[in-house]
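Take a look at the letters that make up each chain.
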Amino acid sequence: MIQHSKDTHLEANQHGAKALGLGYLQENGFRVPPFYVLGYDSLAQVLAGEQSLEDIVRQWREQNNIAPDSLWAVRSSAAVEDGKEKSFAGLFNTQINISPEDMPQAIGLVLNAFKEVRQLKYETEGEFNFGIILQAMLSPDYAGVVFSHNPLDPGQEVAMLNLVPGLGEALVSGRAEAFMVQKPHQGIAEYLNEEDEFKGEVFGPETSVLRSGKEIKRAVEKLVPEIFSGTQKLSELKGMPVDIELAIAAGKVYWLQIRPITSQPKAKVIRIWDNANIGENYPGLTMPLSITFARHTYDTGYSSMKDFLGMPKASMEASKELLSNMVGPIHGALYYNVTAWQQLLYQLPFGKKSSQWIIKGWNMDPADFEKPKVRPGPLAYIKLLFNLIGAFVNFNKHRSRFENVYMKGIKEYDLKALTGQSHAQLVEEYKKFEDQIGDNWLGPMLNGFYTLILFSSLKRIVKNSRLAEKHPNFVNDILFAQGDVVSVQIVKDFQALCEEARQEEVLKKLFLEEESTKVLEILSKEHPAFFAKIEAYIEAFGERAAVGELKMETLNYKNDPASFIDFMRTNIAMDYEKKHSLFSFDYQEVLGKAYARNPFKRWLLTKWVKATLPRIRDRENYRFMRTKSFHVARSFFAAMGLDLQKQGLLEGERDYLYLEYDEILDVGLTSSYRPLVAERQSQYQEYAKIEHAHRYLETAEGLEAVQKMADVNAKDHFKGTGCCSGIVQGPVVIIDGPDLKEEIPGAIFVAHHFEPGWINLFAKASGVISERGNLLSHTAILCREMGIPSVVGVKGLMDKVKAGDQLQMNGATGEINLIADEE
């Protein structure tokens, strides 16, 4: 009949999966409300008319001294329920707040639901056994569900907690929005929507309750570590991702149900492809020449770094495929091969950390990867570490060598003289250029690795230090201490040009009324001094472009000076100029006060900051040097394409862009160029119809698009990475290109991402928000230097805001609120 859970051996065929789950929780030391079980044999007798529910309940009440005023939940527990592939969610029945007197009727309702599901034969299950659970009712303050892994993609090691005030039924039925907490397995908990309010359902005269997110956070914050650690333990015990129902009552956590996260068997993920970071320089469809050239440059640069550091031959051989596929195309767009990056980093010193830090630095969703099978042994690891430290100590030498070689190589080439040379001559000359520049990119490669290690570890140190309380934005703020960043100089010089043209009425009228080519012609004849300044600017910084400046298909300002005039015209037409007060931050003074009694820690942190800042500065400057070298390569390839067209080997002047890097440099393949181009042109017509996902999982069965994590940002509250302090409220202006169609004082500029070539726009903004990016992206660095409040990495924002919406943003914390219109 009805038995106490501790007095019976629970069996799936008799008592069902849910009862076994409760028993499992109980046996492993988790707090579970007392429960009883009614097995299948007894229920079968009831269905056959051999037993009455009234007699069964009366016997239970007498034998267990059940208090007449007690309340119970009557829960289904089928053998097929809560399975790994099917949960039967919502098909069975649960009765809550049941008194002992009403128990027979409640059990009957649950029993009828079993009969109805059997008749449905859901997914061919047909006949199945079942039990019923009688569990002491709680009157919870909060209830909900916790997932050990992302329920949309259980391969992601991110635990998620959803809570509502009162009973959990309002959440699982979909009637209530959830208060959400998220925690990467190796990270810290993040409260995603604490600015919102949440409704729930409770017992009593007042059936509903309203709680603010901040109130819920205060109530549950101390219990959140217990919830997440318990969830992780259960996932490890079960050997699979799990979904757990729980309740919080009187300051204690009660575990109510455990089941696998329902999912169909998935093919093993071989690689993860993601464009969350690389899209800044390669947005949208990218031509085959650009894709393969990028792949080649990554392979060349990182191979030379690994070789320099003394990577063992076996590891180098095993890494060849990874090095040659660090980026790649998916449906005509360029993506990072995240798995390759992680496996390559894992082989280097600090690899366990850096392979995870790079994902955070790119502001990507978490990514798991299989550890490389061939890794350096202990002695080889020590050699790598020794060489890495030695290169860091002597980095100025590597820096000087690279910059000297780079400047010499860039200056040697008269790009205008390339036109007129034959394809074969250009290939030979290009290979000399690449031998000189491309194979000497060790300085930037090392600098990038040092930046990753220093910056990521500094963030971690500060997060766990006494600085975190008074200076939560310390790591962000110290970036103001760096100077001599070329991208900032680009902005300042551009603003000076526009301001000069705006102040002189003749120049302003010329820019606003004449066509761009006509402007250049008139300037050269009638305003030679100003024309010389434009020429000087383009000579210095003309490798920049409004969009996709690293693409081989891009026409930058050196290729098309008229587009620079267009760019100037847009800005000259804007009379309003937002003045930003530059933020200053003396990190040494802050450290001095925080560690006045601990000189060693103060000294250590000061040294760490001083070591980190130059690496960040050089990283940004090297990015511009890369842009300049790509411009030289672009010029070579364009000259090759022109000669190939003249020879009749290509039809269109820009058909060469459909060739791959190795193909255009192979003079023996020229006869096959036309059919290759025709085939790829047809492919790209189809690619243009595809909506690209931000991430793809590659399995043996092919590519699977991954949608954005569902609950990263919810309702009217958003969270990203704060880049520059300042609280701003203003209307949204959506930015989708370098031209600002309408200038609105106090506007907050919002974009999927900001191209490096759009940097002049920032001065017009009250605040800047980007869906993509990180603390070291162009957007972040420029906004910090210009003192513009900014937030990057706000996932899903563009789907939830529109032009004219009022936003309030906090550039220090990364918090953003959508302000409702007042009726």
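Values in this document were obtained by computation on a predicted structure and should not be read as measured data. (Residues numbered from 1 in each chain as written. Predicted model: local features only at pLDDT ≥ 70, side-chain atom pairs only at ≥ 80, totals over all residues. Heavy atoms only, no water.)

**Some words on the packing of aromatic side chains**
Two aromatic rings are characterised by how far apart their centres lie and by the angle between their planes.
1) Next: In the structure shown here, the tally under the stated rule is 43 aromatic pairs.
2) Next: Each ring, one from F511 and one from F530, has its centre 6.3 Å from the other, and the planes form 90°; the classification is edge-to-face. Linking F511 in helix α20 (residues 505-513) with F530 in helix α22 (residues 528-541), this pair joins segments that are 19 residues apart in sequence. Both residues of the pair, F511 and F530, count as buried. (Phe/Tyr/Trp six-rings, centres within 6.5 Å; stacked < 30°, edge-to-face > 60°. Helix = DSSP H or I, 4+ residues; strand = E, 2+ residues; numbered from the N terminus. Buried < 20%, exposed > 50% of the residue type's maximum accessible area, 1.4 Å probe, protein only.)

**Some remarks on unusual backbone geometry**
1) Next: In this structure, N65 is a non-glycine residue whose phi angle is positive, near 50°.
2) Next: With respect to the secondary-structure elements, N65 resides in the loop between α4 (53-64) and β3 (72-78).
3) Next: At N97, a residue that is not glycine, the phi angle is positive and equals roughly 60°.
4) Next: With respect to the element layout, N97 can be found in strand β4 (residues 94-98).

**Some words on the sheet that holds strand β5 (residues 130-136)**
1) Next: Strands sit in the order β1-β2-β5-β3-β4 across an open sheet of 5 strands; the sheet is antiparallel. Of all strands in the sheet, those with a lone pairing partner are β1 (2-4) and β4, marking the two edges. Adjacent strand axes in the sheet meet at a mean angle of 25° when their direction is disregarded.
2) Next: Looking at chain direction, β3 and β5 are connected through 7 bridges and run antiparallel. Along β5, the bridge assignment pairs W72 with A136.
3) Next: Against the sheet, helix α3 (residues 40-47) contacts β2 (35-38) and β5, and its axis sits at roughly 110° relative to β5. (Pairing = 2+ DSSP bridges. Axes fitted to C-alpha atoms, helices over the stretch in contact; angles between N-to-C directions. Contact = heavy atoms within 4.5 Å.)

**Section: the pattern of salt bridges**
1) Next: One pass over the full model with this rule turns up 29 salt bridges.
2) Next: Of the charged contacts in the structure, one is a salt bridge between R259 and D243, with a shortest N-O distance of 3.0 Å. Taken as a pair, R259 in strand β13 (residues 252-260) and D243 in strand β12 (residues 242-249) lie far apart in primary sequence, 16 residues in all. Like R259, the residue D243 is buried in the burial classification.
3) Next: A salt bridge links E543 to K558, with the shortest nitrogen-to-oxygen separation between them at 2.6 Å. (Salt bridge = Lys/Arg side-chain N within 4 Å of Asp/Glu carboxyl O.)

**As for the nonpolar core**
1) Next: Of all hydrophobic cores here, the largest spans 81 residues; its most connected members are M305, Y336, Y430, L446, F636, F637 and M640.
2) Next: By residue number, the principal contributor to this core is helix α25 (residues 599-646), which donates 10 residues.
3) Next: Among all residues touching Y430, those that are not within four sequence positions of it are F293, A633, F636, F637, M640, Y661 and L665.
4) Next: Counting 32 residues, the second-largest nonpolar core is a separate cluster that includes L22, V32, L234 and W255. (Core = buried A, V, L, I, M, F, W, Y, C linked by side-chain atoms within 4.5 Å.)

**Structural notes on the packing of helix α9 (residues 288-309) against helix α16 (residues 442-463)**
1) Next: In contact at an axis separation of 9 Å, α9 and α16 are set at 80° when each is read in the N-to-C sense. Put simply, α9 runs roughly perpendicular to α16. Packed against α9, whose contacting residues are G301, Y302, S304, M305, F308 and L309, the element α16 presents L442, M445, L446 and F449 at the interface.
2) Next: A breakdown of the residues in the contact of α9 with α16 according to their chemical character gives 8 nonpolar, 2 polar and no charged. (Parallel < 35°, antiparallel > 145°, perpendicular 65-115°, else oblique. Nonpolar A, V, L, I, M, F, W, Y, C, P; charged D, E, K, R; others polar.)

**A short note on a positive patch on the surface**
1) Next: Taken together, K352, K353, K360, K371, R375, K459, R460 and K463 make up a surface patch of like positive charges.
2) Next: When contributions to the positive patch are tallied by element, the ones reaching two or more residues are α12 (351-361) and α16.
3) Next: When you line up the elements, K463 lands in helix α16. (Patch = residues over 30% accessible without salt bridge, like charges linked within 9 Å, V, L, I, M, F, W, Y side chains within 5 Å. Areas by Shrake-Rupley, 256 points an atom, 1.4 Å probe, with all protein chains shown as cover. Lys, Arg positive; Asp, Glu negative; His and termini not counted. Charge placed at Lys NZ, Arg CZ, Asp CG, Glu CD.)

**Focus on the sheet that holds strand β15 (residues 327-330)**
1) Next: Read across the sheet, 5 strands follow the order β15-β16-β14-β17-β18 without closing on themselves; strand pairing throughout is antiparallel. Of all the strands in the sheet, the pair left with one neighbour each is β15 and β18 (702-706). On average, each strand axis in the sheet is tilted by 35° relative to the strand beside it, whichever way the strands run.
2) Next: Against the sheet, helix α11 (residues 338-346) touches β14 (269-274) and β16 (333-337), its axis set at about 30° to β16.

**Some points on the pairing of β16**
1) Next: Taking burial as the measure, the 5 residues of β16 include 5 buried ones, the bulk of the element.
2) Next: Sheet topology note: the β14/β16 ladder contains 2 bridges and is antiparallel. Each bridged residue has a counterpart across the sheet, and for W273 the counterpart in β16 is N337.
3) Next: Relative to β16, β15 runs antiparallel, the two being bridged by 4 bridges. Across the sheet, the residue bridging to P329 is L334, located in β16.

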